[in-house]
Amino acid sequence: MSGYCDIAPGHPWHGPYHEREYGFPLDGDQALFERLCLEIFQAGLSWLIVLKRRAGMNAAFDSFDPAKVAAYGEADVERLLQDPGIIRNRAKVRAIIENANIVLALAAEHGSFAAWLAANHPLSKEDWIKLFRRTFRFTGPEVVNEFLMSISYLPGAHRPDCPVMDEIRRRDPPYAGKRRAE
C-alpha cells in the first residue's frame, strides 16, 4: 500500500526514517509526543520539510518534553515563531503547547500517554479520528492516521513485501493484536 516503500530507500532523509522509525512500535511519552507534534507540523507540508527541520524543532521545543512544553507561555510562542529552524505556524505552535498539557492530563489519569493509547486499542481508524478530535488540537484525519500508522497502532506504513516489515513484525506491532494494555 505504501508508496513510501518505493521512494524512501536510499534517500538521505526518508531512507533512515523509513527503515528505522516509520511503522515501528513506539513507547515512551516523550517519543510519542514528539511524533504527534511532527505529524501536526507536517499538515499541509511535505514530510521531507519535517525531517529536515526535526533537529531544530527538538532543540526549540526542549526535545518535546511534555512537562516543559506545557509550561510555555506567550513569550515562548513568540520565540518559537521567530525561530527559522522550525515550522513557524502560530496555530500549530499553540496546538503543540495545548497538546502537551493534554498529554500530561492523560498521563495523570492513565499512568502515561502510552497507556492511554493502549487502553483505547483497538479502534477503527474512524473511531481513532473521533477520539483524537475530542481529545487533542489540530488532529484531523490525516494527522491521526499518519501518527497511528507511524507508531504501529494502524497498519499501512509499509507494503507487506517491504523488507522493513520483517523487523516490525518481530517487534509485535499493536495492530497485529498480540499486545495487551498493561
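Counting starts from 1 at the beginning of each chain's written sequence and moves along it residue by residue. In view of the model being predicted, local features appear only for residues whose pLDDT reaches at least 70, and side-chain atom pairs are presented and counted only at 80 or more, with totals across whole chains, interfaces and linings using the full set of residues. Remark: hydrogens and water are excluded; side-chain values derive from all non-hydrogen atoms of the structure.

**As for the pattern of salt bridges**
One side-chain nitrogen of Lys or Arg within 4 Å of one carboxyl oxygen of Asp or Glu is enough to make a salt bridge. Counted by the stated rule, this structure contains twelve salt bridges. Two residues, Glu167 and Arg171, come together in a salt bridge whose shortest N-O distance is 2.8 Å. Each of Glu21, Glu34, Arg35 and Arg54 takes part in a single network of salt bridges with overlapping partners.

**Considerations on the packing of aromatic side chains**
The geometry of an aromatic ring pair comes down to the distance between the two centres and the angle between the two planes. Only centres within 6.5 Å qualify two rings of Phe, Tyr or Trp (six-membered ring in Trp) as a pair; their planes then separate them into stacked at under 30 degrees, edge-to-face at over 60, and tilted for everything else. Evaluation of the coordinates by the stated rule reveals 16 aromatic pairs. Summarising the aromatic geometry, the rings of Tyr17 and Trp47 are spaced 5.2 Å apart at their centres and angled 50° between planes, so their arrangement reads as tilted. Linking Tyr17 in helix α2 (residues 14-20) with Trp47 in helix α4 (residues 47-60), this pair joins segments that are 30 residues apart in sequence. Each ring, one from Trp116 and one from Phe136, has its centre 5.8 Å from the other, and the planes form 80°; the classification is edge-to-face. Numbering goes from the N terminus for both helices and strands, where a helix is a DSSP run of H or I of at least four residues and a strand is a run of E of at least two.

**Some thoughts on α4**
In this scheme, a helix's expected span is set at 1.5 Å multiplied by one less than its residue total. In this model α4 runs 19 Å from its N-terminal to its C-terminal C-alpha over 14 residues, within 8% of the 20 Å that 1.5 Å per residue would give. Residues are treated as being in contact if the distance between any of their heavy atoms lies within 4.5 Å. Residues of α4 that are buried sit in contact with α1 (4-7), α2, α3 (29-42) and α6 (74-81). Two residues or fewer past α4, Asp62 is found with a positive phi of approximately 50°.

**Here's the deal with the nonpolar core**
One broad trend across soluble globular proteins is that nonpolar side chains are buried collectively. The nonpolar core is taken to be a set of buried Ala, Val, Leu, Ile, Met, Phe, Trp, Tyr and Cys residues, with the residues joined through side-chain atoms within 4.5 Å. Only protein chains enter the accessibility calculation, which uses a 1.4 Å probe; a residue whose area is less than 20% of its type maximum is buried, one above 50% is exposed, and one in between is partly exposed. Ranked by internal contacts, the top residues of the largest apolar core, which has 53 residues, are Phe61, Phe113, Leu117, Phe132 and Leu148. Counting only elements with at least two residues in this core, the list comes to α3, α4, α5 (66-70), α6, α7 (90-110), α8 (113-120), α9 (125-135) and α10 (141-150). In contact with Leu148, not counting residues within four places along its chain, are Leu117, Trp128, Phe132, Tyr153 and Leu154. Membership of the second largest hydrophobic core comes to six residues, among which are Cys5, Phe24, Met165 and Ile168.

**A word on unusual backbone geometry**
The amide bond that connects His121 to the next residue, Pro122, takes the cis arrangement and shows omega of 0°. If you trace the backbone, Pro122 turns up in the loop between α8 and α9. The phi dihedral of Ser152 is positive, around 70°, even though this residue is not glycine. In this structure, Ser152 sits in the loop between α10 and α11 (164-170). The backbone of Asp172 shows a phi angle near 55°, a positive value even though the residue is not glycine. When you line up the elements, Asp172 lands in the segment after α11.

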